[in-house]
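# Architecture and fold: a report
So the chains spell out like this:
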Amino acid sequence: MQVLKAYRTIGINDSVRSLGFVRYMVTRCRAVVLPRFGGPEMLEIRPDVEVPDLKRNEVLVRTRAVSINPLDTRMRSGYGRSLFEPLLPLILGRDVSGEVAATGASVQSLSVGQEVFGALHPTAVRGTYADYAVLSEDELTLKPVSVTHVEASAIPFAALTAWRALKGTARITEGQSLLVIGGGGAVGFSAIQLSVAAGCHVATTCGSKSIERVLAAGAEQAVDYTAEDIELAIKGKFDAVLDTIGGPETERLGVNFLKRGGHYMTLHGEAASLADAYGLAVGLPVATAVLLKKRLQYWYSHGIEYSYIYMRADAEGLDEIRRLSEAGKLKIPVDKTFPIIQVKEAHEAKDKRLISGKVVLEFD
């Protein structure tokens, strides 16, 4: 059910915008709701979910496609419950591709009818598994004309996570070297392509099925971690290591492959897990202490920087991602699509690892 609220009484669109309103505003729509944590069966398709009023910097997007990220299935299962449980029910989803349906009063870069894509912050409560999604202006950019909504929806969250690591933390520059541990996944594959576009030398570890793809994307060396000894196969030291796998063994490998002054970056920080285990009041300070300890430890023992990486909105990064996607230099392969009404089946397929690559939910 979609209810439209029309502001026709003022008559002039600019006047409507100056008062902070939009001309047409959807007030209710279909959405996939998570009322409590658990398996795919917890996901409910509700036909009449409220759409919040737009703030001045927000954009209403008519959703055409969203991708399923690992964060979605983990959140559904209870990851981050210390933060999200008091806020249930949630709407999952971070990526989106669709059309601008309405804009807040201060939005300047986008207008109604334009095709856009983008991603929400990891802690957003109202996600994109809905016919209409709300994002801030800096979380969206124009969708490349050469890319479909399905293809576009697979890109932004993963690519922005990689961008945060490479550009925001390591500040990679042309001629530097990067090791991606886990280059076959969406974030790792994005990191390879972003680094190659920046003129860097890239080596990666991945499964056998991803070897050809990562080499075609520009990696100079791809090591099958299931068949080779990574420490023997990879030669030399790197300016930065992005560890998309996480865990003591990949951390040890990554740290030992770095030059002094290099950056080790992991996607698997401990803030959420410790907060879930001990509560926000105890868990977050403990996580901060763990991070500080590791930073000091590795700085004194190896002379390197140690960082947790998470995605955040970055208008400059999203514009560069759009430009590279338009030029065909940044792609995230989509293995399978499901209609949104089969969201439970899609999550079940990811949980059971029946589909290793990206899965996208399409909206009619």
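For the structure, see preceding data.
Residues numbered from 1 in each chain as written. Predicted model: local features only at pLDDT ≥ 70, side-chain atom pairs only at ≥ 80, totals over all residues. Heavy atoms only, no water.

### Quick word on the sheet that holds strand 12 (residues 238-243)
An order of 11-10-9-12-13-14 is seen for the six strands of this open sheet, with the pairing classed as parallel. The outermost strands of the open sheet, each flanked by one partner alone, are strand 11 (221-224) and strand 14 (305-308). The mean angle between the axes of side-by-side strands here comes to 15°, regardless of whether they run parallel or antiparallel. Summarising the sheet, strand 9 (residues 177-181) and strand 12 pair through four bridges and their orientation is parallel. What sits directly across from leucine 179, in strand 12, is valine 241. Each of strand 9, strand 10 (201-206) and strand 12 touches helix 6 (residues 186-197); the most contacted strand, strand 9, lies at about 170° to it. Those strands touched by helix 11 (residues 280-302) are strand 13 (258-266) and strand 14, and its axis lies near 155° from that of strand 14. (Pairing = 2+ DSSP bridges. Helix = DSSP H or I, 4+ residues; strand = E, 2+ residues; numbered from the N terminus. Axes fitted to C-alpha atoms, helices over the stretch in contact; angles between N-to-C directions. Contact = heavy atoms within 4.5 Å.)

### What to know about the side chain of glutamate 137
Its location among the elements puts glutamate 137 in the loop between strand 7 (132-136) and strand 8 (140-142). Classification of glutamate 137 by relative accessible area gives buried; the value is 18%. Apart from the residues within four sequence positions on either side, glutamate 137 is in contact with Asn57, Val59, Ser106, Val107, Gln108, Ser109 and Leu110. (Buried < 20%, exposed > 50% of the residue type's maximum accessible area, 1.4 Å probe, protein only.)

### Concerning the pairing of strand 4 (residues 58-68)
Counting buried residues in strand 4 gives 10 out of 11 residues, a clear majority hidden from the surface. Pairing of strand 4 with strand 7, which is carried by five bridges, proceeds in the antiparallel orientation. The residue of strand 7 that forms the bridge with arginine 62 is tyrosine 132. In the sheet, strand 4 pairs with strand 5 (residues 95-103) via six bridges, with the strands oriented antiparallel. Residue pairing in the sheet places valine 61 in a bridge with valine 100 of strand 5. Pairing between strand 4 and strand 16 (residues 358-362): four bridges, direction antiparallel.

### A closer look at the packing of aromatic side chains
This structure, assessed with the given rule, holds four aromatic pairs. Each ring, one from phenylalanine 238 and one from phenylalanine 257, has its centre 6.1 Å from the other, and the planes form 80°; the classification is edge-to-face. Highlighted residues: phenylalanine 238 in strand 12 and phenylalanine 257 in the loop between helix 9 (248-256) and strand 13, separated in sequence by 19 residues. Both residues of the pair, phenylalanine 238 and phenylalanine 257, count as buried. Ring centres 5.5 Å apart and planes at 15° place the aromatic pair tyrosine 298 and tyrosine 306 in the stacked group. Tyrosine 306 shares its class with tyrosine 298; the two are buried. Following the ring pairs from residue to residue traces out a cluster consisting of Tyr264, Tyr298, Tyr306 and Tyr308. In this arrangement the basic side chain of arginine 74 is found over the ring face of tyrosine 79, its NZ or CZ atom lying 3.9 Å from the centre. A cation over an aromatic ring shows up here: arginine 164 above the ring of tyrosine 310, its NZ or CZ 4.5 Å from the ring centre. (Phe/Tyr/Trp six-rings, centres within 6.5 Å; stacked < 30°, edge-to-face > 60°. Lys NZ or Arg CZ within 6 Å of the ring centre and 35° of its normal.)

Read these as spatial facts, not as claims about activity.
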